[in-house]
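One letter stands for each residue in the lines below.
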Amino acid sequence: MTIADVCLQAAAMLKECGIMEPRSNAELLLLHVLGMDRAALLRDWRELFPPQHYKRWRELLARKAAGEPVQYLIGEQWFYGAPFTVTPAVLIPRPETELLVEAVLEAADKLWPQARGEASAGGVADVPTVVDVGTGSGAIGVTLAAQRPQWRVCASDLSPDALAVARTNAERHGAAARMTFVQGDLLGPFAVEQPRPGADAAHVDSETGSAAGLRIDVLVSNPPYIPAGDIAGLQPEVRDHEPRLALDGGDDGLTPYRRMAEQLAQLSAMPRIVGFELGMGQAEAVADLLRGIGAWRDIRIINDYAGIGRHVLAVE
């Protein structure tokens with residue numbers, strides 16, 4: 001069989017199994033198994049499928065047919081034009097989150113215009129400290145650090161396994177030396193007064209020292225926002241394979257936002273920029289939470305590619 005035959009048969013099988021985007025999934029698996037890029041796939045489209053790869057191909061195709069996300073099978077998802085390592089410990093980065101990155105970059109460049117360029121030996125005195133809460137794969141934090149080498153970026157997550165993936169991606173994109181990683185729940189690790197031991201205490205990563213009292217200039221977060229009762233109705237690939245910790249936002253999906261809004265008062269200073277990603281129908285509620293704090297002159301809702309209010313950005 002040719003590579004084309006194998007791909008088309010796989011796509012047909014995945015379609016029969018109810019897998020969305022069957023042709024795209026089949027091609028991604030082929031690229032991974034054969035170790036080639038898309039240009040090489042097109043070039044070798046009519047060549048015979050290498051028999052030494054059949055066993056691995058059948059294994060991965062069966063797992064895909066059973067509903068596993070292709071990103072976990074190949075261990076990778078592209079985000080903001082760069083490949084990110086992903087595992088079942090982290091949420092798979094979504095294209096709409098790139099819009100949050102763009103909005104934060106644009107807003108911060110206006111407040112810290114001198115910190116836009118490449119890092120210099122002497123550094124820049126006035127650069128923002130950015131904290132990516134619930135970093136997961138590190139897609140947001142690592143991208144910001146890669147795009148703005150002079151910024152100081154800290155990534156936090158409750159899951160140590162997620163932090164390990166984020167570190168891998170920071171190293172992959174040359175940002176590890178300019179980032180710190182903290183384990184903890186939402187803004188807990190950064191509060192001036194840490195919670196008492198045993199009372200939802202945050203664990204600060206041993207490589208970073210204490211994060212308590214860290215001045216946060218830019219707070220960005222894509223927290224869990226799916227209402228708990230809606231998780232059972234999610235697409236099986238998401239419901240059965242992506243980490244529930246990164247999905248469950250409480251009864252109405254807004255619990256993480258309410259908690260962070262309350263925790264802002266425990267920081268050493270109010271962030272000059274706050275950027276949140278959120279779920280369908282949640283934009284006004286989250287914007288109202290931030291309006292109630294009264295710390296920012298501009299609070300706006302950013303629509304995703306489908307015209308859905310997907311992000312809230314608050315700027316001093």
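Just above sits the structure.
A few points on the structure. In this text, all values refer to a predicted model and were calculated from it rather than measured experimentally. (Residues numbered from 1 in each chain as written. Predicted model: local features only at pLDDT ≥ 70, side-chain atom pairs only at ≥ 80, totals over all residues. Heavy atoms only, no water.)

### Description of unusual backbone geometry
Phase 1 of the analysis: Its identity as a non-glycine residue notwithstanding, Tyr-80 has a phi of 55 degrees, on the positive side.
Phase 2 of the analysis: With respect to the helices, strands and loops of the structure, Tyr-80 is situated in the loop between strand E1 (76–79) and strand E2 (82–85).
Phase 3 of the analysis: Judged by relative accessible area, which is 25%, Tyr-80 ranks as partly exposed.
Phase 4 of the analysis: Unusually for a residue other than glycine, Leu-186 sits at a positive phi of about 50 degrees.
Phase 5 of the analysis: Note on placement: Leu-186 falls in the loop between strand E5 (179–183) and strand E6 (218–221).
Phase 6 of the analysis: The buried category is assigned to Leu-186, whose relative accessible area is 11%. (Helix = DSSP H or I, 4+ residues; strand = E, 2+ residues; numbered from the N terminus. Buried < 20%, exposed > 50% of the residue type's maximum accessible area, 1.4 Å probe, protein only.)

### Let's talk about the pairing of E6
In the case of a regular strand, side chains alternate between the two sheet surfaces.
Phase 1 of the analysis: Alternating positions in E6 separate into two faces, Val-218 and Val-220 on one and Leu-219 and Ser-221 on the other, with burial throughout.
Phase 2 of the analysis: The sheet contact formed by strand E3 (residues 129–133) and E6 spans four bridges and is parallel. Note on E6: the bridge partner recorded for Val-131 is Leu-219.
Phase 3 of the analysis: Inspection of the sheet shows E6 paired to strand E7 (residues 273–277) by four bridges, in the parallel sense. Looking at the pairing, Leu-219 lines up with Val-274 of E7. (Pairing = 2+ DSSP bridges.)

### What about the packing of aromatic side chains?
Here a ring pair, both rings aromatic, is described through the centre-centre distance and the interplanar angle of the planes.
Phase 1 of the analysis: Taken as a whole and assessed by the stated rule, the structure comprises five aromatic pairs.
Phase 2 of the analysis: With a centroid separation of 4.7 Å and 40 degrees between ring planes, the pair formed by Phe-49 and Tyr-54 is classed as tilted.
Phase 3 of the analysis: The buried category is assigned to Phe-49, whose relative accessible area is 3%.
Phase 4 of the analysis: Here Phe-79 and Tyr-80 contribute two aromatic rings whose centre-to-centre distance is 6.5 Å and whose plane-to-plane angle is 40 degrees, an arrangement assigned as tilted.
Phase 5 of the analysis: Above the plane of the ring of Trp-112 lies Arg-272, whose end atom (NZ or CZ) is 5.1 Å from the centre. (Phe/Tyr/Trp six-rings, centres within 6.5 Å; stacked < 30°, edge-to-face > 60°. Lys NZ or Arg CZ within 6 Å of the ring centre and 35° of its normal.)

### Let's talk about the nonpolar core
Phase 1 of the analysis: Counting 34 residues, the largest nonpolar core has Leu-144, Trp-151, Met-179, Ile-273 and Leu-313 as the members making the most contacts within it.
Phase 2 of the analysis: Breaking this core down by element, the ones donating at least two residues are E2, helix H6 (97–111), helix H7 (139–147), strand E4 (152–157), helix H8 (160–172), E5, E6 and strand E9 (309–315).
Phase 3 of the analysis: Counting residues per element, this core draws most heavily on H6, which supplies seven residues.
Phase 4 of the analysis: Each residue touching Ile-273, except ones within four places of it in the same chain, is listed here: Ala-107, Ala-108, Leu-111, Trp-112, Asp-217, Val-218, Leu-219, Trp-296, Leu-313, Ala-314 and Val-315.
Phase 5 of the analysis: Within the second largest apolar cluster, 32 residues are counted, among which are Val-133, Val-182, Phe-276 and Val-286. (Core = buried A, V, L, I, M, F, W, Y, C linked by side-chain atoms within 4.5 Å. Contact = heavy atoms within 4.5 Å.)

### As for the pattern of salt bridges
Side chains that carry opposite charge are capable of pairing whenever their charged atoms lie near each other.
Phase 1 of the analysis: Considering all chains together, one arrives at 22 salt bridges under this definition.
Phase 2 of the analysis: Among the salt bridges present, the one from Glu-27 reaches Arg-38, with a minimum N-O distance of 2.5 Å. Remark: Arg-38 occurs in helix H3 (residues 38–43) and Glu-27 occurs in helix H2 (residues 22–34); sequence separation between them is 11 residues.
Phase 3 of the analysis: What makes Glu-27 buried here is its relative accessible area of 14%.
Phase 4 of the analysis: A relative accessible area of 40% places Arg-38 in the partly exposed class.
Phase 5 of the analysis: Residues joined by salt bridges that share partners form a network here, namely Arg-23, Glu-27 and Arg-38. (Salt bridge = Lys/Arg side-chain N within 4 Å of Asp/Glu carboxyl O.)

### Some words on the environment of Ile-293
Phase 1 of the analysis: On the secondary structure map, Ile-293 appears in helix H11 (residues 283–293).
Phase 2 of the analysis: Expressed as a C-alpha distance, the spacing of Ile-293 and Leu-264, which sit 29 residues apart in the sequence, is 9.1 Å.
Phase 3 of the analysis: Other than its neighbours up to four places away in sequence, Ile-293 contacts Ala-261, Leu-264 and Met-270.

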